[in-house]
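Survey of secondary and tertiary structure
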Amino acid sequence: MRKFLVVLDDSRECLNAMRFAAMRASKTGGGVAILSVIPPDEFNHWIGVGDIMRQEARERIVAHFEVFAKWMRDKQGVDPELVIREGEPVPEIIAQIKEDAEIGVLVLGAGTDKKGPGPLVSQLSRGSGSLPIPITIVPGDMSKERLEMIT
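Per chain, residue numbering runs from 1 following the sequence as it is written. In view of the model being predicted, local features appear only for residues whose pLDDT reaches at least 70, and side-chain atom pairs are presented and counted only at 80 or more, with totals across whole chains, interfaces and linings using the full set of residues. Side-chain measures were taken over the full set of non-hydrogen atoms in the model, leaving aside hydrogen atoms and water.

What to know about the sheet that holds strand β2 (residues 31–38)
Definition in use: Whether two strands pair depends on DSSP finding at least two bridges between them. Helix numbering and strand numbering both begin at the N terminus, where a helix is a DSSP run of H or I of at least 4 residues and a strand a DSSP run of E of at least 2. Convention adopted: a line fitted to C-alpha atoms gives each axis, helices being fitted over their contacting stretch, and angles between N-to-C directions are expressed from 0 to 180 degrees. Contacts are assigned to residue pairs that have any heavy atoms within 4.5 Å of one another.
Taken in spatial order, the five strands line up as β3-β2-β1-β4-β5 in an open sheet, and their pairing is parallel. Bordering the open sheet on either side are β3 (81–86) and β5 (135–139), each of which pairs with just one other strand. Each neighbouring strand pair of the sheet contributes to a mean axis angle of 30 degrees, computed without reference to strand direction. Sheet strands in contact with helix α1 (residues 14–28) are β1 (3–7), β2, β4 (103–110) and β5, and its direction is about 170 degrees off that of β1. Relative to β3, helix α3 (residues 89–99) is tilted by about 130 degrees, and along the sheet it contacts β1, β2, β3 and β4.

Written as structure tokens, this is what we have:
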């Protein structure tokens, strides 16, 4: 089964990337892997405090994931899987792609503010020629109706 890998983060454009991945997976018989990366700098505290913060970050990620997963199951008939990694986002995304041979497409949402499309889109598109899979970049301000039409 081909999986669409989508990154779960706190960005607004993440929502459209999730929608696109679920709609495409539903229409093509594929799956969705949702990756969330916890940056290492969140835990540069005393060991006990860092462990508690790590656990709290994981709990927030799971709660956020459950919202998307319910929508994917109920509206698209897709049961996504959650992957949580720790490290720098771009290397962890690439590592996940290399480790999971079923991942066939990376789906990213592009930001719409004056800063550009966002750090993940900028960094990953620069190196996209050496990735083993294609990247789909979904505009962050694309309407739900337009997403439905193009998927």
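With respect to the side chain of Gln-96
This is how it is decided: Relative accessibility under 20% of the residue-type maximum defines a buried residue, over 50% an exposed one, and the middle range a partly exposed one, all with a 1.4 Å probe and only protein chains included.
Mapped onto the fold, Gln-96 is located in helix α3. With a relative accessible area of 7%, Gln-96 lands in the buried category. In contact with Gln-96, other than residues within four places in its own chain, are Leu-5, Leu-35, Val-83, Arg-85 and Ile-103.

Remarks on the pattern of salt bridges
Stated formally: Every case where a carboxyl oxygen of Asp or Glu lies within 4 Å of a side-chain nitrogen of Lys or Arg is listed as a salt bridge.
Inspection of every chain in the model, using the stated rule, returns 10 salt bridges. Linking Lys-3 and Asp-100 is a salt bridge whose minimum nitrogen-to-oxygen distance equals 2.5 Å. Here Lys-3 is found in strand β1, whereas its partner Asp-100 is found in the loop between α3 and β4, with 97 residues between them in sequence. Assigned by exposure class, Lys-3 and Asp-100 land together as buried. With its nearest N and O atoms 2.5 Å apart, the salt bridge here joins Asp-74 to Lys-70. In this pair, Asp-74 and Lys-70 both sit in helix α2 (residues 47–76), four residues apart, roughly one turn of the helix. The exposed category is assigned to Asp-74, whose relative accessible area is 52%. In the salt-bridge network here, residues are joined through shared partners; they are Lys-3, Glu-81, Asp-100 and Glu-102.

Things to note about the environment of Met-149
Among the structural elements, Met-149 can be located in helix α5 (residues 144–150). As a C-alpha pair, Met-149 and Gln-76 span 73 residues in sequence and 14 Å in three-dimensional space.

Structural notes on the environment of Arg-85
With respect to the element layout, Arg-85 can be found in strand β3. Residue Arg-85 is classed as buried on the basis of its relative accessible area, which comes to 14%. In sequence terms Arg-85 and Ser-36 are 49 residues apart; their C-alpha atoms lie 6.4 Å from each other. Contacts of Arg-85, omitting those with residues within four sequence positions, involve Leu-35, Ser-36, Val-37, Ile-38, Glu-92, Ala-95, Gln-96 and Glu-99.

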